[in-house]
Amino acid sequence: MSDTPIYLDHAASAPLRPEAREAMLPFLDGRFGNPSSIHRFGREARAALEEARARLARVIGAAPAEIVFTRAGTEADNLAVLGRARMLPGTPVAVSAIEHKAVLASAHAAEGEGSPFVLLPVDGNGVVRLDGVDAVLERRPAVVSVMWANNEMGALQPVGEVAARCRAAGVAFHSDAVQALGKVPVRVDEVAADLVAFSAHKVGGPKGVGALYVRRGTRLHPLLHGGGQERGMRPGTEDVAGAAGFAAAAEGAEAERETAMARIGVLRDRLEAGLRAAVPGLVVNAAGAPRLPTIGNVSVPGADPEALLMGLDLEGIAVSSGSACSSGAVDPSHVLTAMGVPPGLAGPSIRFSLGWTTTDAEIARVLEVFPRVAARVRALR
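About the criteria used
- Residues numbered from 1 in each chain as written.
- Predicted model: local features only at pLDDT ≥ 70, side-chain atom pairs only at ≥ 80, totals over all residues.
- Heavy atoms only, no water.
- Helix = DSSP H or I, 4+ residues; strand = E, 2+ residues; numbered from the N terminus.
- Buried < 20%, exposed > 50% of the residue type's maximum accessible area, 1.4 Å probe, protein only.
- Polar contact = N/O pair within 3.5 Å; in protein donor to acceptor, adjacent residues only side chain to side chain.
- Pairing = 2+ DSSP bridges.
- Axes fitted to C-alpha atoms, helices over the stretch in contact; angles between N-to-C directions.
- Contact = heavy atoms within 4.5 Å.
- Right-handed = clockwise from strand over helix to strand, strands pointing away.
- Parallel < 35°, antiparallel > 145°, perpendicular 65-115°, else oblique.
- Left-handed = near helix turned anticlockwise from the far one by under 90°.
- Nonpolar A, V, L, I, M, F, W, Y, C, P; charged D, E, K, R; others polar.
- Core = buried A, V, L, I, M, F, W, Y, C linked by side-chain atoms within 4.5 Å.
- Phe/Tyr/Trp six-rings, centres within 6.5 Å; stacked < 30°, edge-to-face > 60°.
- Lys NZ or Arg CZ within 6 Å of the ring centre and 35° of its normal.

## Topic: the side chain of Ser353
Within the element layout of this structure, Ser353 appears in strand E12 (residues 349-353). By relative accessible area, which is 1% here, Ser353 ends up buried. There is a polar contact of 2.9 Å between the side chain of Ser353 and the backbone nitrogen of Ala11.

Okay, here's the thing in structure tokens:
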């Protein structure tokens, strides 16, 4: 095992960015007021919260009043999907087949409350089919949900086209942009989305903080009840430290996005090419789609994915078998299955997700170790 572990699971959680840590520290110590309090401690906290809201809004091209802070990207997705379904009871909810489980489970919950569930098909590269979107719009759903970028394959979705079609039909459009922020342009002043979900820790901010962009005029039914925080859409005392860290991380990631993603994309491509050359039968999934430069997903026929993960971990290399929220499952990836990938390839898949800390030397080490581990695991069958 290498003395220095290699972390290639940034899509599960990114390391905390230094600027995020610095932004949070004052609110973990002396500046502890409740932003709903009217005394000076509360006013100070409120000012910091609103500054964080404005900073995050600038990153995505929104108005500050359109940002609702939540406790996670999952909560933001739930608020968007269920919040729209409950505004229009019995109206269909349409989501793409490759969505994160936060969106799929929300749509299933809405189905349990009487809203028909519609699954939008994708092509063999994991990109949503626009003819499926057109067909569902004829049914006037409460919301259409298509993620900005897939968390397992990295496949970028045609969110601009989907948003425009939804806008023309008068249907609310939601996008899970948790994986996209800081990696590709995410601008709500350029894409006509009504609801967009974000998560701090995927961009180098703290865990337990998310946000939902809610375009002015978009109506939602709140999931929680209590105080009137976040314009009544997310009651509960706000996490000022988390919001400050989120805004700082988003600004930092966006400021260096073009340079950082160009460098990381070269490393990802080198990794995929090296693995193809060294591991017989290895398949790079969604290779024909426009993708995030940070994610590479490969299938290794004849190799048990859990054994691969453990073998790599013993060598000091941290990767995953897909979404961290589903990594305990033994079933084939629902994303690969939706793409039409056969079970023999959909099961034994590994996700490499690179980030701002990834180096050339780390990729070289993976290319040295992975073929050996794959051969050893295949020999066990």
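On we go.
## Examining the sheet that holds strand E3 (residues 93-96)
Spatially, the 7 strands line up as an open sheet ordered E2-E8-E7-E6-E5-E3-E4, and their pairing is mixed. The sheet is open, and its two borders are formed by strand E2 (67-70) and strand E4 (117-120), each paired with just one other strand. With direction set aside, neighbouring strand axes in the sheet form an average angle of 20°. Examined bridge by bridge, E3 and strand E5 (residues 143-145) share 3 bridges and lie parallel to one another. Counterpart to Val95 in the pairing with E5 is Ser145. Together, E2, strand E7 (195-199) and strand E8 (210-214) form the strand contacts of helix H2 (residues 40-60), whose direction differs from that of E2 by roughly 115°.

## So, the pairing of E3
Burial of E3 is two-sided: the residues Val93 and Val95 facing one way and the residues Ala94 and Ser96 facing the other way are all buried. Pairing of E3 with E4, which is carried by 4 bridges, proceeds in the parallel orientation. Among the inter-strand pairings, Ser96 is bridged to a residue of E4, identified as Leu120. Traced from E3 through helix H4 (residues 101-112) to E4, the parallel crossover comes out right-handed.

## Some remarks on the packing of helix H8 (residues 257-278) against helix H12 (residues 360-379)
In helix packing, the relevant descriptors are the interaxial angle and the interaxial distance, both defined with respect to the helix axes. Contact geometry of H8 with H12 gives a least axis separation of 10 Å together with a crossing angle of 20°. Comparing the axis directions of H8 and H12 gives the class roughly parallel. Of the two elements, H8 crosses H12, and the hand of that crossing is right-handed. Residues Leu267, Arg270, Leu271, Gly274, Leu275 and Ala278 of H8 form the contact with H12, whose own contacting residues are Asp360, Ile363, Val366, Leu367, Phe370 and Pro371. By residue class, the composition of the contact of H8 with H12 is 9 nonpolar, 1 polar and 2 charged.

## A few points about the environment of Ile317
Relative to the elements of secondary structure, Ile317 occurs in strand E11 (residues 317-318). Distance from Ile317 to Ala307, taken between C-alpha atoms, is 13 Å for residues 10 residues apart in sequence. With sequence-adjacent residues up to four places away left out, Ile317 is seen in contact with Ile6, Leu312, Val366 and Val369.

## Details of the nonpolar core
If you look at soluble globular proteins, the nonpolar side chains tend to sit buried side by side. Counting 68 residues, the largest nonpolar core has Val144 and Phe246 as its most contacted members. Residues within four places of Phe246 in sequence aside, it is in contact with Leu56, Phe69, Leu181, Phe198, Ser199, Ala200, Val203, Pro206, Val209, Gly210 and Ala211. By size, the runner-up hydrophobic cluster in this structure holds 30 residues, among which are Val279, Val300, Ala307 and Val319.

## Digging into the packing of helix H3 (residues 73-87) against H4
In the contact formed by H3 and H4, the axes pass within 9 Å of each other and the chain directions differ by 30°. Taken together, the axes of H3 and H4 are roughly parallel relative to one another. At the point where H3 passes H4, the crossing takes the right-handed sense. For the pair H3 and H4, contact is made by Thr74, Asp77, Asn78, Val81, Leu82 and Ala85 and by Ala102, Val103, Ser106, Ala107, Ala109 and Ala110, respectively. Tallied by class, residues from the contact of H3 with H4 come to 8 nonpolar, 3 polar and 1 charged.

## Quick notes on the pairing of E12
Look at any regular strand and the pattern is simple: side chains alternate between the two faces of the sheet. Most of E12 is tucked away, with 5 of its 5 residues classed as buried. Burial of E12 is two-sided: the residues Ser349, Arg351 and Ser353 facing one way and the residues Ile350 and Phe352 facing the other way are all buried. Bridging between strand E10 (residues 295-299) and E12 involves 5 bridges; their strand directions are antiparallel. Residue pairing across strands places Gly296 opposite Phe352, the latter belonging to E12.

## What to know about the packing of aromatic side chains
On inspection of all chains with the given rule, the structure shows 2 aromatic pairs. For the ring pair Phe32 and Phe41, a centre distance of 5.7 Å and an interplane angle of 20° mean the geometry is stacked. The aromatic ring of Trp356 is capped on one face by Arg17, whose charged end is 5.5 Å from the ring centroid.

## Remarks on the environment of Glu66
Relative to the helices and strands, Glu66 is located in the loop between H2 and E2. Ignoring anything within four residues of it in the chain, the contact list for Glu66 reads Leu212, Tyr213, Val214, Arg215, Arg216 and Arg231. Among the polar contacts made by the side chain of Glu66, one reaches the main-chain amide nitrogen of Arg216 at a distance of 3.0 Å.

## Details of the side chain of Arg53
In this structure, Arg53 sits in helix H2. For Arg53, the contacting residues outside a window of four places in its chain are Arg46, Pro64, Ile67, Val68, Phe69 and Glu230.

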